[in-house]
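Inside the fold
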Amino acid sequence: MQKEYVVLEGKIFVVELLSYMGSTNYGWCISKLPQQIIVMATENVPVGGKYSATLLQRFYFGALATEEEKVDISFTLNSWSDLDDVVDNFTANVKIIKSDSEDFASYSENAVKIAMPYGFVRPDDGTQNSCQDYGLPCIGHQDFNHLIVAYGVPLGQDFKNLNMACEPIYMGQNANLKYGYPCGVQDASLKYGYPCGVQDASLKYGYPCGVQEASLKYGYPCGVQEANLKYGYPCSVQKYGYPCGVQEASLKYGYPCGVQEASLKYGYPCGVQEASLKYGYPCGVQETSLTYDDPYNVQKYGYPCGVQDANLKYGYPCSVQKYGYPCGVQDSQEARIYAVPF
Amino acid sequence: MKYQPITCVWEVTMGCNMRCGHCGSSCAKPLEGELTTEEALALCDQIANLGLKWVTLSGGEPLIRQDIAQIVKRLSSQGVFVNMITNGLLLDRAMAETLKENGIATLAISIDGTREIHDEIRKKGAFDSARESFQYMTELGIKSGVVTTITNKNIDILGELKEELIRMGVKTWQVQIGLPMGNLKEKPDWLLAPERVTDIIDFCYETAKEGRIKIYPADCIGYYTKKELEVKKISYETDMVSLWDGCNAGIRGFGILHDGRILGCTSIREEQFIEKKSIRESTLKAIWDNEGAFAWRRNFKKEDLDGACKTCVYGSKCLGGCPNTRLTMNGSINSENQYCAYNLKLKEMQKKQQEITDAKGLFEQAEDLIKLGIYQEAAIILKRLTELEPDNEKALVVKAYAEYMCGNYEICKEDNAKALEMNAGNADALSGYAIALYNLGDKQGGIDHMKRAVVLSGGRRDLQEDLAGMMAAAN
């Protein structure tokens, strides 16, 4: 027996086979699995009613990226107490539809005049969740105690409540904090992406408008960004911080792909970077208790805690410049909003 | 809109000492009406005054003009960089020295294959002549490169040619596709199948990565492949490469024919594309600044395109790639570009999609693509999905969104209209319909529908913002 399956690269597909394993001990086994296919799960579902031993064996597979378009998965129906006792065979002829979109630069003439505000998405249920900042859902998707972890927004005691627009209100701080900048203070020429208060759709994350190519995104498709996108890319698909259309696949934000050794951190060769450079944190402050955007204290702004070398930070001399803040402004403890301990 | 030209290609003569099998202009003997030396020199002054940064002298074979050195000098002495494309047959050491003395900036020699193939395409002895010319230029320190026209005659030996050029010391190499015009129109077996363009891009990419010779795919090769962008980054030695932004004809450059007629591109030389007045009847500046000048290009919009280009996400930026490709392949600059790598990819993808019947998987894939900003492919997948499930309201609305992001407002409107027929209370469909109307020019209609969408949605904030944006823009 054989059957053809047309599956999408990166997606799960299911092969279902009937057996009487419960009564006869004969069941389907995978006897040949090509490299391009992985087994995600198996499941046995009784289908024959109360008095029947008919069993539906479900095999969940994932199709990996591959150059080969067609592969075969072989199954045998054999006794599970005597594997040589094969009574039937089945071959799944799998045709993998390659996902090749990455070959082209992303572009849309409407990416710069998108109808939806940057960072907001329309949930499936049609209701607008306006409390979604830069990819972090505030309400409905997170435990309230851990929410409002918007970029540039302090955690913990400074948090008080949300206003009607679901914007966080803070005690003892300027409520007009945008992505790390106090609004009134920020120099218009300083853009970690957005000019204060303006933040329109024509601005891409991290690029001054006039400079950035339309095809370059620091991650986010405007307006489409979702919580499950990390800096714009689904983790498993793409990596952090690539210009979409330009970057060679083998190059990662400063790292050779897949190589990323201890000596290479976020684009800085270890030996070159000064010890006083931190990833946006004042040197003396950053500790394991600091999180940037992850309420569970698992990650720091792109670094898995256990991996990040404490000496290597995002590239600011700590006494000189803070992550996105004009130096002279964000110095005092109470004004520090970016790396506040819980 | 004011346009500022920065470059032009000047066919100083149509006369040529070769009879190349692929010559797009079928050059032979000089044609009547060539500009006199006085006229040519006066044109040089006009070129400089118009602010052009560089000029490419071509033909025919530019070196058969006796006054070519004077032309070079007149331009270079006024700060214009002069480039010349030559077959090299007349470029002996003395000529090379003359050109250098008169200020030639760069020189490109046409080499279309290894010795045997080049000589077959052009003329016996042409390869050795071109190689010697290159040596002279190199010895004199004149920046020189090679231009290769790719046809079926040479596409399979590009690797060998590359090695030959590297051995010759060539540093820069431009490759272009031979299009069915002039002599090549009579040799259909030489014409590349459109699918081969991806082979060319792959070859350019591999060559660029090697770093042994800088390779420059011409404007007829593309579009929007990451590989092509990577090649440009490497060859131009900058990360600031831009996406293809439409043909330069009449925008940043123009062409001059041997008799002083002006046109957007010397390859697009049918009468309708030539400006009414030549420099014998007007000035270069007046021709360039004329309100209706180069209208075929300056007024060209995505809506003017046909076929796949008409609904392409890049359409408004790309405008169909090289118009000469479309003209020579299909007889119309409005037609789709068969040599476009993206077009080829989409056609392949559409074919694949027809095999898929997993509606859920299609929807998930489309959603993933939308999140990544890959709207065109999402639209294609959703098109397949709506073929499978014509009554899938959600798929229609998401498809409409993808089409909107592709700039396909008419399709966006139709898809949303279908969704509204199924469910008049779908605020997303109504807002999408409103935005489509607005972008199609019915601004008041768009605003009115968006107001209804806001009410229908119970005052959703995003729709309110859309409405505010539309009203602000309309005013």
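First, a word on scope: everything that follows refers to the structure included in this document. All values reported here derive from a predicted model rather than from experimental measurement.

Quick word on the pattern of salt bridges
Residue and element names in this part refer to chain B.
- A complete count under the given rule lists 38 salt bridges over all chains for this structure.
- The partner of Arg384 in a salt bridge is Glu387, with the nearest N and O atoms 3.5 Å apart. One end of the pair is Arg384 and the other is Glu387, both in helix H16 (residues 375-388) and 3 residues apart, which spans about a single turn.
- It is possible to trace a salt-bridge network through shared partners that takes in Arg115, Asp128, Arg131, Glu164 and Arg167.

What about the environment of Lys347(B)?
All names here are of chain B.
- By secondary structure assignment, the location of Lys347 is in helix H14 (residues 341-353).
- Note on Lys347: relative accessible area 38%, which makes it partly exposed.
- Separated by 39 residues in the primary sequence, Lys347 and Ala308 have C-alpha atoms spaced 8.7 Å apart.
- Setting aside residues up to four positions removed in sequence, Lys347 forms contacts with Ala308 and Glu336.
- At a separation of 2.8 Å, a polar atom in the side chain of Lys347 contacts the side chain of Asn343.

Details of the environment of Leu158(B)
All names here are of chain B.
- Mapped onto the elements, Leu158 comes out in helix H6 (residues 158-168).
- Residues Leu158 and Ile200, spaced 42 residues apart in sequence, show a C-alpha to C-alpha distance of 9.0 Å.
- Each residue touching Leu158, except ones within four places of it in the same chain, is listed here: Ile150, Trp173 and Phe203.

A look at empty space enclosed by the protein
All names here are of chain B.
- Using the criterion set out here, one finds 4 cavities of 30 Å³ or more in the structure.
- Of the volumes computed, that of the largest cavity is approximately 100 Å³.
- Surrounding the largest cavity, 14 residues form its lining, Cys309, Cys312, Cys340, Tyr342 and Asn343 being those nearest its centre.
- When contributions to the lining of the largest cavity are tallied by element, the ones reaching two or more residues are helix H11 (307-310), helix H12 (315-318) and H14.

Overview of helix H1 (residues 37-49) of chain B
Residues and elements named next belong to chain B.
- Its 13 residues give H1 an end-to-end C-alpha distance of 18 Å, which sits within 8% of 18 Å, the value for a rise of 1.5 Å per residue.
- If you check which residues of H1 are buried, you get Ala40, Leu41, Leu43, Cys44, Ile47 and Ala48. Along H1, the residues classed as buried sweep out an arc of 155° about the axis, all on the same side. Exposed and facing more than 90 degrees away from the buried side of H1 are Glu38 and Asn49.
- Following H1 by one or two positions, Gly51 adopts a phi angle in the positive range, close to 95°.

As for the packing of helix H20 (residues 443-456) of chain B against helix H21 (residues 461-474) of chain B
Residue and element names in this part refer to chain B.
- Relative orientation of the contacting elements H20 and H21 amounts to 160°, with a least axis distance of 9 Å. Here H21 runs roughly antiparallel to H20, going by the angle between their axes. Classified by chirality, the crossing of H21 by H20 is left-handed. Across the interface between the two elements, Lys443, Gly446, Ile447, Met450, Lys451, Ala453 and Val454 of H20 pack against Leu463, Gln464, Asp466, Leu467, Met470, Met471 and Ala474 of H21.

Criteria and cut-off values
Residues numbered from 1 in each chain as written. Chains lettered and ligands numbered in written order. Predicted model: local features only at pLDDT ≥ 70, side-chain atom pairs only at ≥ 80, totals over all residues. Heavy atoms only, no water. Salt bridge = Lys/Arg side-chain N within 4 Å of Asp/Glu carboxyl O. Helix = DSSP H or I, 4+ residues; strand = E, 2+ residues; numbered from the N terminus. Buried < 20%, exposed > 50% of the residue type's maximum accessible area, 1.4 Å probe, protein only. Contact = heavy atoms within 4.5 Å. Polar contact = N/O pair within 3.5 Å; in protein donor to acceptor, adjacent residues only side chain to side chain. 1 Å grid on protein atoms, 1.4 Å probe; cavity = no way out; pocket = protein on both sides within 12 Å on 5 of 7 lines; lining within 4 Å. Points joined across faces, edges and corners; volume = space filled by probe spheres on them. Expected span 1.5 Å × (residues − 1). Arc of directions from axis to C-beta. Axes fitted to C-alpha atoms, helices over the stretch in contact; angles between N-to-C directions. Parallel < 35°, antiparallel > 145°, perpendicular 65-115°, else oblique. Left-handed = near helix turned anticlockwise from the far one by under 90°.

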